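Working through the structure, step by step
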Amino acid sequence: MLDQIIKNRRSIFPNQFSGKAVSKEEIKILLEAANWAPTHRKTQPWRFKVFREDSLSVLAEFIEKAYTTTTPEHQFSAFKLKKTLEKVTTSAAVIVICMQRDPKESVPEWEEVAATAMAVQNLWLMTGELGLGGYWSSPGYRTAMHTELKLNTGEECLGFFYLGAYKEEPLAGERDAIEDKTVWF
Ligand SMILES: Cc1cc2nc3c(=O)[nH]c(=O)nc-3n(C[C@H](O)[C@H](O)[C@H](O)COP(=O)(O)O)c2cc1C
């Protein structure tokens, strides 16, 4: 049931990954699901950069550079950097989430971000179908990888989807009641 698929979706973090490989075909299934997100004026702003196998170490280099150049000296943490790089290398793949602004700016930017987030939700729901898991990470340094990721004009990195197969079933999620977030007129 769709209701259960939605409620069972969880953020699965790299320390929960089993180390099992994820095939290119499986990643294509996730991306195909993402591609069916709704999009105002069909701008289809979602863009993905897939790193897997040997290219994960390339992404780790990009992240190290971005973290080092964007973090003020007094905030720099070698420990945090090490942990971040470990997340990359323990993932089966990392899908970099990008948003391509429509050159004609035919819709407001927030709608492009919203459509990209809906694409990520599709992808995220589909991971469950394949017995995979992952989560969306949105660190500050995501904006400092423009050149390395070969982003186009108007293309922005919104974060990283860390992907892998997981060892144990995640704990059930929690949400405050929808009644507290709804006003009926
Ligand atoms: C746009 C977006 C950005 C997120 N960024 C982060 C992040 O930087 N670090 C993190 O630990 N989780 C991040 N998350 C995952 C949330 O922490 C997670 O969805 C939330 O805790 C609810 O857990 P659940 O996904 O298991 O339901 C992000 C989620 C979204 C939708």
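Every value quoted in this text rests on a predicted model; they were computed, and no experiment measured them.

Per the UniProt annotation, the sites labelled "binding site: FMN" (unreviewed entry) are Arg9, Arg10, Ser11, His40, Trp136, Ser137 and Ser138. Their sequence span is 130 residues, while the largest C-alpha to C-alpha distance among them is 27.4 Å; these annotated residues do not converge on one region. Taking the C-beta count within 10 Å as the criterion, His40 has 14 such neighbours and is therefore assigned partly exposed. Residues contacting His40, with those up to four places away along its chain left out, are Val107, Glu111 and Ala115. Its place among the elements puts Trp136 in strand β3 (residues 132-137). Note on Trp136: 17 C-beta atoms within 10 Å, which makes it partly exposed. Residues within four places of Trp136 in sequence aside, it is in contact with Ile97, Val120, Gly159 and Phe161.

A positive phi angle, close to 50°, is found at Lys42, a residue other than glycine. As for its placement among the helices and strands, Lys42 is situated in the loop between α2 (24-34) and β1 (46-52). For Lys42, a count of 10 C-beta atoms within 10 Å corresponds to the exposed category. Here the phi dihedral of Glu105 falls at roughly 50°; this positive angle occurs in a residue that is not glycine. Relative to the helices and strands, Glu105 resides in the loop between β2 (93-100) and α5 (109-129). Judged by the 11 C-beta atoms lying within 10 Å of it, Glu105 falls in the exposed class.

An order of β1-β2-β4-β3 is seen for the 4 strands of this open sheet, with the pairing classed as antiparallel. Only two strands of the sheet have a single partner each, and these edge strands are β1 and β3. Sheet twist, expressed as the average angle between the axes of neighbouring strands with direction ignored, equals 25°. One ladder, built from 8 bridges, connects β2 with strand β4 (residues 155-165); its direction is antiparallel.

Time to look at the site of the ligand. With respect to spatial proximity, the complete set of residues near the ligand consists of Arg10, Ser11, Tyr135, Trp136, Ser137, Ser138, Pro139, Gly159 and Gly173. Of the residues belonging to the shell around the ligand, the class tally is 3 nonpolar, 5 polar and 1 charged.

Once that is clear, we can look at the pairing of β2. The buried fraction of β2 is high, at 7 of 8 residues. Examined bridge by bridge, β1 and β2 share 7 bridges and lie antiparallel to one another. Across the sheet, residue Arg47 finds its bridge partner in β2, namely Cys98.

Glancing now at the packing of helix α3 (residues 55-70) against helix α4 (residues 78-90). Remark: α3 packs on α4, axes separated minimally by 9 Å, with the N-to-C direction vectors making an angle of 155°. Classified by the angle between their axes, α3 and α4 sit roughly antiparallel to one another. Of the two possible hands of crossing, α3 and α4 adopt the one that is right-handed. Across the interface between the two elements, Leu56, Leu59, Ala60, Ile63, Glu64 and Tyr67 of α3 pack against Leu81, Thr84, Leu85, Val88 and Thr89 of α4.

Calculation notes
Residues numbered from 1 in each chain as written. Predicted model: local features only at pLDDT ≥ 70, side-chain atom pairs only at ≥ 80, totals over all residues. UniProt positions renumbered as here; feature names shortened; annotations may be inferred. Buried ≥ 20, exposed ≤ 12 C-beta atoms within 10 Å, placed from the backbone. Contact = placed C-beta atoms within 7 Å. Helix = DSSP H or I, 4+ residues; strand = E, 2+ residues; numbered from the N terminus. Pairing = 2+ DSSP bridges. Axes fitted to C-alpha atoms, helices over the stretch in contact; angles between N-to-C directions. Near = placed C-beta within 6 Å. Nonpolar A, V, L, I, M, F, W, Y, C, P; charged D, E, K, R; others polar. Parallel < 35°, antiparallel > 145°, perpendicular 65-115°, else oblique. Left-handed = near helix turned anticlockwise from the far one by under 90°.

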